[in-house]
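So you can see what is in the structure, the chains are spelled out below.
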Amino acid sequence: MPYTPSGFFCDRLIRERERRDGEGSLNKPIRFNSQDYSVLRQECVHRKSLFEDDTFPATVESLGYKELGHKSNKVKNIVWKRPKEICDNPQFIVGGASRTDICQGDLGDCWLLAAIACLTLNEKLLYRVVPPEQSFSESYAGIFHFQFWRYGDWVDVVIDDRIPTFNNQLVFTKSAERNEFWSALLEKAYAKLHGSYEALKGGNTTEAMEDFTGGVTEFYEMKEAPKELYKIMKKALDRGSLMGCSIDSLVPARFETRTATGLVKGHAYSVTAVEECKPSQHKESKVRLVRLRNPWGQVEWNGPWSDNSKEWSTLSKAEKEKLHHQSAEDGEFWMSFEDFKKNYTKIEICNLTPDALEDDKIHKWTVSVNEGRWVRGCSAGGCRNYPDTFWTNPQYRLRLLEEDDDPEENEVGCTFVVALMQKNRRKERKMGANLFTIGFAIYEVPKEMHGNKQHMQKDFFLYSSSKARCKSYINLREVTQRFRLSPGEYVIVPSTYEPHQEGEFILRVFSEKKNTSEEIENRIEADHPEPAPASAGEESEEDQQFRTIFQEIAGDDMEITANELKNVLNRVIIKHKDMKTEGFSLESCRSMIALMDMDGTGRLNLQEFRHLWTKIKQWQGIFKHYNADQSGFINSYEMRNAVNDAGFRLNNQLYDIITMRYANENMNIDFDSFISCLVRLEAMFRAFQAFDQEGDGTIRLSVLEWLQLTMYA
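Residues numbered from 1 in each chain as written. Predicted model: local features only at pLDDT ≥ 70, side-chain atom pairs only at ≥ 80, totals over all residues. Heavy atoms only, no water.

Undergrad: What exactly am I supposed to notice about the overall build of the protein here?
TA: Counting secondary structure elements, the protein contains 21 helices and 29 strands. Burial statistics for the protein: of 713 residues in total, 51% are counted as buried. Here the analysis covers contacts within the protein between residues at least 6 apart in sequence; of these, 75% occur between residues at least 24 apart. Entry remark: accessible area of the protein is about 33700 Å², with carbon and sulfur atoms responsible for 48%. (Helix = DSSP H or I, 4+ residues; strand = E, 2+ residues; numbered from the N terminus. Buried < 20%, exposed > 50% of the residue type's maximum accessible area, 1.4 Å probe, protein only. Contact = heavy atoms within 4.5 Å. Areas by Shrake-Rupley, 256 points an atom, 1.4 Å probe, with all protein chains shown as cover.)

Undergrad: Sorry if this is basic, but what is going on with the packing of aromatic side chains here?
TA: Describing an aromatic ring pair means giving the distance of the ring centres and the angle of the ring planes. Under the definition given, this model contains 31 aromatic pairs. Considering the side-chain rings of phenylalanine 648 and phenylalanine 685, the 5.8 Å spacing of their centres and the 25° angle between planes classify their relative orientation as stacked. With phenylalanine 648 in strand β28 (residues 648-649) and phenylalanine 685 in helix α20 (residues 671-691), this pair connects stretches of sequence that are 37 residues apart. Take phenylalanine 648 and phenylalanine 685: they sit in the same class, and that class is buried. By the ring-pair criterion, three or more aromatic residues cluster together here, those being Phe92, Phe136, Tyr140, Phe144, Phe146 and Phe181. Here the guanidinium or amino end of arginine 425 rests over the ring plane of phenylalanine 436, the centre of that ring lying 4.1 Å away. Across the ring face of tyrosine 662, the terminal group of arginine 661 is positioned such that the distance to the ring centre comes to 4.8 Å. (Phe/Tyr/Trp six-rings, centres within 6.5 Å; stacked < 30°, edge-to-face > 60°. Lys NZ or Arg CZ within 6 Å of the ring centre and 35° of its normal.)

Undergrad: How do you make sense of the UniProt feature "domain: EF-hand" (unreviewed entry) in the protein when you look at a structure like this?
TA: Per the UniProt record, the feature "domain: EF-hand" (unreviewed entry) sits at residues 614-649. Structurally, residues 614-649 is divided into 56% helix and 14% strand, and its ends, taken at the C-alpha atoms, are 21 Å apart. (UniProt positions renumbered as here; feature names shortened; annotations may be inferred.)

Undergrad: I keep staring at the UniProt feature "active site" (unreviewed entry) in the protein and nothing clicks. Help me out?
TA: The positions UniProt marks with the feature "active site" (unreviewed entry) are Cys110, His267 and Asn294. Maximum C-alpha separation among the annotated residues is 14.1 Å over a sequence range of 185 residues, consistent with a single clustered spot. Structurally, histidine 267 is set in the loop between β10 (264-265) and β11 (268-277). Judged by its relative accessible area of 6%, histidine 267 falls in the buried class. Contact partners of asparagine 294, with chain neighbours within four places excluded, come to Val264, His267, Tyr269, Val299 and Gly331.

Undergrad: Honestly, the pattern of salt bridges in this entry has me stumped. Any pointers?
TA: A side chain with one charge can pair with a side chain of the opposite charge if their charged atoms come near. Enumeration over the complete set of coordinates arrives at 31 salt bridges. Its salt-bridge partner being aspartate 36, residue arginine 31 comes within 2.9 Å of it at the nearest N-O pair. Since its relative accessible area comes to 46%, arginine 31 is described here as partly exposed. Of the charged contacts in the structure, one is a salt bridge between lysine 234 and glutamate 275, with a shortest N-O distance of 3.4 Å. Of this pair, lysine 234 sits in helix α9 (residues 229-238) while glutamate 275 sits in strand β11, and the two are 41 residues apart along the sequence. Through salt bridges with shared partners, a single network forms among Glu210, Asp211, Arg477, Glu478 and Arg508. (Salt bridge = Lys/Arg side-chain N within 4 Å of Asp/Glu carboxyl O.)

Undergrad: Looking at this model, I keep getting lost on helix α2 (residues 37-47). Mind explaining?
TA: Note: α-helices contain 3.6 residues per turn, so residues at a spacing of three or four share the same orientation. Buried within α2 are the following residues: Tyr37, Leu40 and Cys44. Looking straight down α2, one finds its buried side chains confined to an arc of 75°; they lie on one side. Those residues of α2 that are exposed and aimed more than 90 degrees away from the buried face are Gln42 and His46. Where α2 is buried, its residues meet β3 (143-150) and β4 (153-160). The opening residue of α2, the one whose side-chain oxygen lies 3.1 Å from the backbone nitrogen of serine 38, is aspartate 36. (Arc of directions from axis to C-beta. Polar contact = N/O pair within 3.5 Å; in protein donor to acceptor, adjacent residues only side chain to side chain.)

Undergrad: Can you walk me through the nonpolar core in this structure?
TA: Among the nonpolar cores identified, the biggest contains 56 residues, and Leu112, Phe146, Phe148, Trp182, Leu185, Tyr190 and Phe212 are the most heavily contacted of them. Elements with a minimum of two residues in this core: α3 (60-63), α5 (110-119), α6 (123-129), β3, β4, α7 (182-194) and α8 (205-213). The next biggest cluster of nonpolar side chains, apart from the first, holds 51 residues, and it includes Ala526, Leu606, Phe648 and Tyr662. (Core = buried A, V, L, I, M, F, W, Y, C linked by side-chain atoms within 4.5 Å.)

Undergrad: What is the right way to read a nonpolar patch on the surface from this model?
TA: On the surface, Val703, Leu704, Trp706, Leu707 and Met711 cluster together into a nonpolar patch covering about 590 Å² of accessible area. Positionally, valine 703 belongs in helix α21 (residues 703-712). Given the relative accessible area of 61%, valine 703 is considered exposed. (Patch = residues over 30% accessible without salt bridge, like charges linked within 9 Å, V, L, I, M, F, W, Y side chains within 5 Å.)

Undergrad: Mind showing me how you'd approach the packing of helix α17 (residues 606-626) against α20 here?
TA: For any two helices packed against each other, one specifies the inter-axial angle together with the distance between the axes. For the pair α17 and α20, the least separation of the axes is 11 Å and the interaxial angle reads 125°. Classified by the interaxial angle, the pair formed by α17 and α20 is oblique. Crossing hand, α17 versus α20: right-handed. For the pair formed by α17 and α20, the contact residues are Lys615, Trp619, Gln620, Ile622 and Phe623 on the first element and Phe671, Phe674, Ile675, Leu678, Val679, Glu682 and Arg686 on the second. Grouping the amino acids of the contact of α17 with α20 by side-chain chemistry returns eight nonpolar, one polar and three charged. (Axes fitted to C-alpha atoms, helices over the stretch in contact; angles between N-to-C directions. Parallel < 35°, antiparallel > 145°, perpendicular 65-115°, else oblique. Left-handed = near helix turned anticlockwise from the far one by under 90°. Nonpolar A, V, L, I, M, F, W, Y, C, P; charged D, E, K, R; others polar.)

Undergrad: Quick question: what am I supposed to make of the sheet that holds strand β1 (residues 30-31) here?
TA: Across a sheet, paired strands are connected by hydrogen bonds in the backbone, their directions being either parallel or antiparallel. Here we have three strands laid out as an open sheet, ordered β1-β4-β3, and mixed in their pairing. Taken across any chain shown, the strands that pair with only one partner, and hence form the sheet edges, are β1 and β3. Two strands pair when backbone bridges link them, and β1 and β4 are joined in this way by two bridges, in the parallel orientation. Its bridge partner being in β4, isoleucine 30 is matched across the sheet by valine 155. Taken strand by strand, α7 contacts β3 and β4, and its axis lies near 115° from that of β4. This element, α8, spans β3 and β4 of the sheet and lies at about 105° to β3. (Pairing = 2+ DSSP bridges.)

Undergrad: Honestly, the side chain of arginine 426 in this entry has me stumped. Any pointers?
TA: You can see arginine 426 is positioned in the loop between β17 (414-422) and β18 (438-444). There is a polar contact of 3.0 Å between the side chain of arginine 426 and the side chain of glutamate 207. Residues within four places of arginine 426 in sequence aside, it is in contact with Trp111, His194, Ala199, Leu200, Lys201, Gly202, Gly203 and Glu207.

Undergrad: Is there a simple way to think about the pairing of β4 in this case?
TA: Regular strands place side chains that alternate from one sheet face to the opposite one. The element β4 is extensively covered by neighbouring structure, given that eight of its eight residues are classed as buried. Burial along β4 is two-sided: Asp153, Val155, Val157 and Ile159 facing one way and Trp154, Asp156, Val158 and Asp160 facing the other are all buried. Relative to β4, β3 is paired through eight bridges, and the arrangement is antiparallel. Residue pairing for β4: phenylalanine 148 is matched across the bridge by valine 155.

Undergrad: Would you explain α7 in this entry?
TA: If you check α7, its first and last C-alpha atoms are 19 Å apart, about what 13 residues at 1.5 Å a residue would give, namely 18 Å. In terms of burial, α7 is a largely internal element, 13 of the 13 residues being buried. Residue glycine 195 follows α7 closely and has a positive phi angle near 105°. (Expected span 1.5 Å × (residues − 1).)

Undergrad: Looking at this structure, I do not really get the confidence of the model for the protein. What am I missing?
TA: Averaged over the protein, the pLDDT score is 82; the fraction of residues at 70 or greater is 88%. In the model, residues 1-6 has pLDDT below 50 throughout and makes 13 contacts with residues more than four positions away in sequence or in other chains. A low-confidence stretch, residues 357-363 stays under pLDDT 50, and its non-local contacts, those more than four residues away or across chains, total 12 contacts. (pLDDT = per-residue confidence, 0-100.)

Undergrad: I would appreciate a short explanation of the sheet that holds strand β22 (residues 503-511) in the present structure.
TA: In space, the four strands of this open sheet follow the order β15-β22-β17-β20, with antiparallel pairing throughout. Among the strands making up the open sheet, the edge pair consists of β15 (366-374) and β20 (478-485). Each neighbouring strand pair of the sheet contributes to a mean axis angle of 15°, computed without reference to strand direction.

Structure below.
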C-alpha cells in the first residue's frame, strides 16, 4: 500500500517516541486503537451499561470481505450475541484453561487453534495472552482484553463480548464446556487485530505461536535436519520454547489420516519433552527419547517406547519416574528420537525472547530487533540476481562478540538465528495483498572496514560472495535460519526476491551469546563550501551572458523575482540540448530564492544570483554524470550517489522520502526535480544549523518558527 510522508513517517516518529517512553513492553503494552481497557471498563460500570466496541462492530464488516462479506449467504443468519444471551451462568475459564477448551468452528483457522492448544501447556505464557482476572460476574461490563506480540511490540486488544452465533450456537471457536468463553473471545480479539474473522483463514501454527510469545520460529525438514537437531530441541525445551511437529499428507489437512502405527498424517503434534535414558539390561549407550502430545487427547503411537511397549521393562523404577512414564489414553506418548525422525516430516521450534522468560535461568537468548521498510525505487532492490539495485536494500551491521560456551567438535563460533518477518500482509489481504517472496544474505565485513557504519556500495556486493544466506526465498510471513559464524562483523541484507516491491518488515537476530545488530545509517550531515566570489576577469563567456541577461531583466533595482529568475535560467539552460530538459518550474525558482535570499526581500540581487548559478552548475555536472544515457533522467536508485556527490550524507528514511517526493511513476527524476531536491536539502540543512546554536544536533522550535521555516523553504 502507498504511504505519504505526512502519514507514514509521522506515525513512525510517534512509534519511535513511544518506544523511548517504554511503550510496547510486556508491562506497558501499546493500546490497540488507542483503547484503554481499564478506563473503558470503569466508564461502563459507572454508567451501568455494556461495552459496545465501535472499532470492531457487530456487523458483516467484522466478519469478512469475501466468503464472509456482504454478498455471502453464510452471514445472513448470523446473530451477534453476548454469552449471557447464549447460556445460563457463562464463565470466562472453567477449571483452568486446557486443550479441551478449543474446538474449531466454521472458520479455517485450525493453525491458530493449534497454537492456542500449545499455549495451554505453559500457564505462565497463557496468562500473559489471556489476562485471568476477567469474569462474567464481578463488575461485569461486557468488555474483555487480550495481549499479543505484534511486530516487535506487545499490544493490548480490547473487545466487547458480542460473538457470532447461528441457532444460538457459536459459529467459530467454542469450548467443550458450553458455558466457557475464553477461547471464543481470544479468537475475536485476534480477528480484530487482523481486521476481520475472515482474515484468519489459512495460516501456519508458528505464526500464532510467535504472536502469543514474541518468539522466533525455526523450521526443519526431517530429511535435511542438522546433525545437532537433538541438542537444538533439548536446549529449546530447557528455554521454555514451544515446539510442534507434523507428518505431511498428500491430501488436504482436514482429511487427517491415521496410520497403522497410530500416528496421524496432516495433523499437528506438540513436542513436550526430550530426554535420555539408559536401559539397565543393555550395554549400549543411552537412548534418546522424545515425548509428544496429540491435541485430540487420544490416538497414540503404538510402536517402540509407546505406553505399554516392552522397552519400558528395561528401565529402572527411578528412570521411569524421571521420565514421568504412565500408561493412559491421554494423547501423550514417548518414542525414540530415531523413530521420531523417521516418521515425522517437519518440526517447528518457537524460541522465546528474553522478555518472555521471567525467571533468572541462564538459558536465555539475546535478541536485537530492527524495523525496516522496502520502498519502491529507493530501497526495494530485490535479491542478488539484480546487482544494479540489490545494494540499495536496507543493510544491518551484525557484530558477533563471543563464541558459544559448548561448541561442537571442530566447530567453534557463534550460534545465532536470523528471522526476517514481513508486516501487515494478512491485514491487507482484503485489499489484494499477498505475501512477498522474501529472504536475506549475510556478508563478512573486511577488517579494515570494522566500525565503519557507511552503507555498503554496489561494488562491494559485485566482488564479494555471501558468507551465509537463507536456504531459499519463500512466500511465508517469516523466513528464519540458524547459523554458526566466527566472531566478527557482518552485514545482513534483507530483501524481496523481485525489486520494486514495497512493504515493511522487522529483522531479528537471536544468539546464544551477546550480539548487536543495527541498521547501517549514514551519519546525517552536509558539506556547505561557499563558492568564492569570482573577479570580473575570471568570468566565462556563459557568466558574462548571465550578467547581461540579469541586468536586462532586473532593471534599475538590480533584483529579480521568482518569475524573472525562471526566465533567466531557462534562457540559458534550454541551450544544453544534452540535458533534454524543459527548464525550471516557477515553484523550483521560488525554492531557489528561498535558499539564496539572505535579506528576506523575496528577490535575488546579483551576488545572490551568482552564488546560486555556481551551485546549479556544480549540480548540473553531477546530473550529467548519472544521466550517462542522456535520457534526461536519473534513476531513483542512482539518486543516492548523486545526493552524496552533492555533499549530503543521508539515511534510508530520508532517501525513501526523496524518492516518494521527487521521482515520477517510473521511478525516474528529471533535472528540475533533481535541482529542487538539492535546493530543499541545502536550505533545510542551513536553517537547522542556524537554529542549532548549541551544536548538539537538536533544535527546539515554536509553532510559528516551524511554520515560517517550512512554508518559505
